[in-house]
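# Fold and contact review
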Amino acid sequence: MALKAKGLSKVFMWGLMGLLFLGLIGFGATSFTGSSGSVASVGDTEVEAQDYARALQNQISRIQQQNGQAVSISDLRNAGVDRQVLAQLVTEASLDWEADRIGLSVGDEVLADQLAQIGAFQGPDGQFDREAYRFALQNSGLSEGEFEEDLRAETARSLLQGGIVAGPRMPQSYVDTIVAYAAETRDFTFASLDRSDLDQEVPEPSEEDLQTYYDENIDRYTRPETKRVTYAWVTPDMLVDTVEISEDRLRAAYEERESEFNMPERRLVERLVFSSEDAAQDAAGRIEAGETDFETLVEARGLDLADTDLGVVSRDDLGDAADAVFSVGTGEVAGPAPSSLGPALFRVNAQLSAQSTSFEEAKPALRDSLVLDESRRAIQANASDFDDRLVGGATLEDLASETDMELGEVDYAGQNGDGITSYPAFGEAIASMAPGDYPEIIELGDGGVFAARVDEVLPEAPRPLDEVRDQVRTGWQRARVTELLQGRAEELADAIRGGQNFEAAGLTPSSLDAVARSTTVDGLPEGAVAEVFEMEEGDVAVLPGLGRVAIVQLDRVVDADMESDEAAAIANRLRNQAAEDIAAGLFEAFVTDIQSRAGVQVDEQALNAVATQLQ
């Protein structure tokens, strides 16, 4: 039976702050065993290397499931995801340290209740099943003791966090004041004038005109403090032409990644298991009759959609339910159909076509990937040598002449541009550097490295007029056009104030109703709507822009309808957002205070060791 669901669920993104069992069980067992000890600590509470490795592996699996593409640990590190994972684990360790300090814990009864609520541990009757519990933990490479200890700690953390973030409320008077301001609107009429409305030519500026305009707008032509930087750098892209990849290696890489290039037809599926065939049939009938939907059934069981998410699955993953699931379209519910846990309904959230890529088709992508990877490895292998050369007295010029590094110069004032200035690592390094500082090798984030020196700091100063003459001429002409238009517009505005309408004044007006503060109106200068909200009803104003001018008449001030659905929606958003912002601020301050009291240490060598073994 194929049932049309009322709506599609969003693809579930596993949250870093979610319950611990979701991260541990959702993607199967991990196999990291090459490191011991911790990667960080908060006081005497350690972030174990094993936990960090598992979190990274889970993150890789999640992203691969969502994107359908392979993701490496290098990709995670380049995107900064590894630091996000570490920050989350350090936050959890901070809460654990504080919970232990104040003696906060949960008893066996609470722990048992938590275990009973986890869908993966329930049998066909929806009750806790010891065998399902044992099987799930075995597949995740965890012992019952380890998992229960982690779950107990997670529950204590949740209690501690809840005590901090629960309850912020905004006063109703504050909400009403903001809603009254945000929800009021304006009705107005306007007409715009531009250069085509002038009945005279705009003259060419004299040298005196340019000098005067330049002096009056000197801030526009002032160079900020600028550092004149010499740098030597090398990136993987610079080395691609020097790397050769053999046909055998390409073939081996294809075979190793064959599952990425040749994937069967797949579906993004959620599954809800029932205690009996009759219960499943009843639920299916109610969906078909429009009496309920998949999400409501999930909520009625005390579950989240995350608990039903199977991710991306193939026919082989679904067993006897495959035909039913693969016969329905996106957004439809299939079933009842058999599953390993009992009769179930399956909702299809996306259909992914089969993918077949031959070796010849895959070769360009494989070559690019292997070449870049080989280039990164070569750079990392030589990074110590680059640093040793600098320590031994080599200059950046020496590095560029003796190694693969290339020399460059840039006047840097914090701008994001092309080349090396597009890398955040470059900007961060230069911001703290001064003339005379010792160059050192710094990673760029894509596998490349650089070293730099600041040769000179140029103080803030106006650029010479000759250097910016074209910009000054354009600015002067635009200002002159605006000035002439403004004089013409004032005459027309006076006529409208005297009782003429826009048409009688020779204008083609546009009328707008219910314009909100945040509205952008085509044909009006930037910031004009904000000025309209400062006008009194019936006022006529001339609002200049850059090279154009608007004449605006405010027809009506419309106060906010505090009983409207729009006002209620604004109030709810404001109330919730303010409460969330306050709660987030309180929690951040709380964690910061814990870490300042306990002290935080990060072992970069251990982090790198984990990353190396996950490659």
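What comes next is a walk through the structure.

Calculation criteria
- Sequence order sets the numbering: in each chain, residues are counted from 1 along the sequence as written.
- Residues qualify for local features only when their pLDDT is at least 70, as the model is predicted, and side-chain atom pairs are given and counted only at 80 or more; totals for whole chains, interfaces and linings, by contrast, use all residues.
- The side-chain values count all of the structure's non-hydrogen atoms but skip hydrogen atoms and water molecules.
- Helix and strand definitions here come from DSSP, where helices need a minimum of 4 consecutive H or I residues and strands a minimum of 2 consecutive E residues; each element is numbered from the N-terminal end.
- Throughout this description, buried means an accessible area under 20% of the type-specific maximum (1.4 Å probe, protein chains only), exposed means over 50%, and partly exposed covers the range between.
- Here, the arc refers to the directions that run from the helix axis to the C-beta atoms.
- In the sections that follow, a salt bridge refers to a side-chain nitrogen of Lys or Arg positioned within 4 Å of a carboxyl oxygen of Asp or Glu.
- In this analysis an axis means a line fitted to C-alpha atoms, helices contributing only their contacting stretch, and an angle means the value between N-to-C directions, from 0 to 180 degrees.
- Should an angle lie under 35 degrees it is considered roughly parallel, over 145 roughly antiparallel, and from 65 to 115 roughly perpendicular; all remaining angles are considered oblique.
- What makes two residues a contact is simply this: any of their non-hydrogen atoms within 4.5 Å.
- Under this grouping Gly is polar, as are all residues other than the nonpolar Ala, Val, Leu, Ile, Met, Phe, Trp, Tyr, Cys and Pro and the charged Asp, Glu, Lys and Arg.
- Strand pairing follows a simple DSSP-based rule, namely that at least 2 bridges must link the two strands.
- Nonpolar cores were defined as sets of buried Ala, Val, Leu, Ile, Met, Phe, Trp, Tyr and Cys residues, with membership established by side-chain atoms within 4.5 Å.
- Two N or O atoms form a polar contact when they lie within 3.5 Å of each other; inside protein one atom must be a possible hydrogen donor and the other a possible acceptor, and for residues adjacent in sequence the pair counts only when both atoms belong to side chains.
- Within 6.5 Å between ring centres, the rings of Phe, Tyr and Trp (the latter by its six-membered ring) count as paired, and their orientation is classed by plane angle as stacked under 30 degrees, edge-to-face over 60, tilted in between.

In this section: unusual backbone geometry. Cis geometry is adopted by the peptide bond preceding Pro 336, which originates at Gly 335 and carries an omega value of 5 degrees. As for its position among the elements, Pro 336 is in strand β10 (residues 332-337).

Among all positions of helix α9 (residues 207-216), only Leu 210, Tyr 213 and Tyr 214 are buried. Looking down the long axis of α9, one finds its buried residues gathered within 100 degrees of arc, a one-sided arrangement. Exposed residues pointing more than 90 degrees away from the buried face of α9 are listed as Glu 208 and Glu 216.

It is worth spelling out the pattern of salt bridges at this point. Under the counting rule described, the total for this entry stands at 32 salt bridges. Of the charged contacts, one joins Arg 228 and Asp 411 as a salt bridge, the two residues approaching to 2.8 Å between their closest N and O atoms. Taken as a pair, Arg 228 in strand β6 (residues 226-234) and Asp 411 in strand β13 (residues 406-412) lie far apart in primary sequence, 183 residues in all. For Asp 411, a relative accessible area of 36% puts it in the partly exposed group.

Running from N to C, helix α11 (residues 247-256) and helix α18 (residues 359-391) cross one another at 105 degrees; their axes reach a closest spacing of 9 Å. Classified by the interaxial angle, the pair formed by α11 and α18 is roughly perpendicular. Each of Glu 247, Arg 249, Leu 250, Arg 251, Ala 253 and Tyr 254 in α11 lies in contact with α18, whose residues at this interface are Phe 359, Glu 360, Ala 362, Lys 363, Leu 366, Arg 367, Leu 370 and Glu 374. For the contact of α11 with α18, the per-class residue count stands at seven nonpolar, no polar and seven charged.

Quick look at the environment of Glu 409 now. Within the element layout of this structure, Glu 409 appears in strand β13. For the pair Glu 409 and Asp 241, spaced 168 residues apart in sequence, the C-alpha separation works out to 24 Å. Once you skip the residues sitting within four places of it in the chain, Glu 409 turns out to touch Val 229, Thr 230 and Tyr 231.

Strand order in the open sheet made by the three strands is β3-β2-β20, with antiparallel pairing throughout. Only two strands of the sheet have a single neighbouring strand rather than two, namely β3 (45-48) and β20 (600-602). Taking each pair of neighbouring strands and ignoring which way they run, the sheet shows an average axis angle of 20 degrees. Across three bridges, strand β2 (residues 38-42) lies against β20 in antiparallel orientation. Each residue of the ladder has a partner; that of Val 42, found in β20, is Val 600. Contacts from helix α24 (residues 604-614) reach β2 and β20 within the one sheet, and its direction differs from that of β2 by about 140 degrees.

Let us now look at the pairing of β10. Of all six residues making up β10, five are buried, and the element is well covered by its neighbours. Inspection of the sheet shows β10 paired to strand β11 (residues 344-352) by three bridges, in the antiparallel sense. Bridged to Ala 334 within β11 is Phe 346. Taking the residues that link successive antiparallel strands as the turn, the β10-β11 hairpin has six residues, and the phi of Gly 342 there is positive, at about 130 degrees.

Turning next to the nonpolar core. Within the largest apolar cluster, 34 residues are counted, with the highest numbers of intra-cluster contacts made by Val 39, Tyr 52, Leu 56, Leu 76 and Val 610. Counting only elements with at least two residues in this core, the list comes to β2, α2 (49-67), α3 (73-78), α4 (81-102), α23 (565-598) and α24. Not counting chain neighbours up to four residues away, the residues in contact with Leu 76 comprise Leu 56, Gln 59, Ile 60, Ile 63, Val 71, Val 81 and Asp 82.

Let's shift gears to α24. Listed as buried for α24 are Ala 606, Leu 607, Val 610, Ala 611 and Leu 614. In a view along the axis of α24, the buried residues occupy a sector of 135 degrees, so they form one face of it. The exposed residues of α24 that point more than 90 degrees off its buried face are Gln 605 and Thr 612.

Moving on, we get to the side chain of Thr 403. In this fold, Thr 403 is placed in the loop between α19 (396-402) and β13. A relative accessible area of 16% places Thr 403 in the buried class. Among the polar contacts made by the side chain of Thr 403, one reaches the main-chain amide nitrogen of Met 405 at a distance of 3.1 Å. When near neighbours in sequence (up to four residues on either side) are disregarded, Thr 403 contacts Phe 386 and Arg 389.

Tracing the sequence through the fold places Ala 252 in helix α11. By relative accessible area, Ala 252 is classed as partly exposed at 41%. Taking the C-alpha atoms as reference points, Ala 252 and Val 602, 350 residues apart in sequence, are found 38 Å from one another.

A few words now on the sheet that holds β6. One open sheet holds the four strands; their spatial order is β13-β6-β15-β14, and the pairing between them is antiparallel. In this open sheet, the two edge strands, each paired with only one partner strand, are β13 and β14 (442-443). Sheet analysis places β14 next to strand β15 (residues 449-458), joined by two bridges and oriented antiparallel. Along β15, the bridge assignment pairs Ile 442 with Phe 450. Seen against the sheet, α18 touches β6, β14 and β15 and runs at an angle of roughly 40 degrees to β15.

It is worth spelling out the packing of aromatic side chains at this point. As enumerated under the stated definition, the model contains seven aromatic pairs in all. Aromatic pair Tyr 214 and Tyr 221: ring centres 5.9 Å apart, planes at 20 degrees, arrangement stacked. Neither residue differs from the other here; Tyr 214 and Tyr 221 are each classed as buried. On the basis of an interplanar angle of 85 degrees and a centroid distance of 5.3 Å, the ring pair of Tyr 412 and Phe 426 is categorised as edge-to-face.

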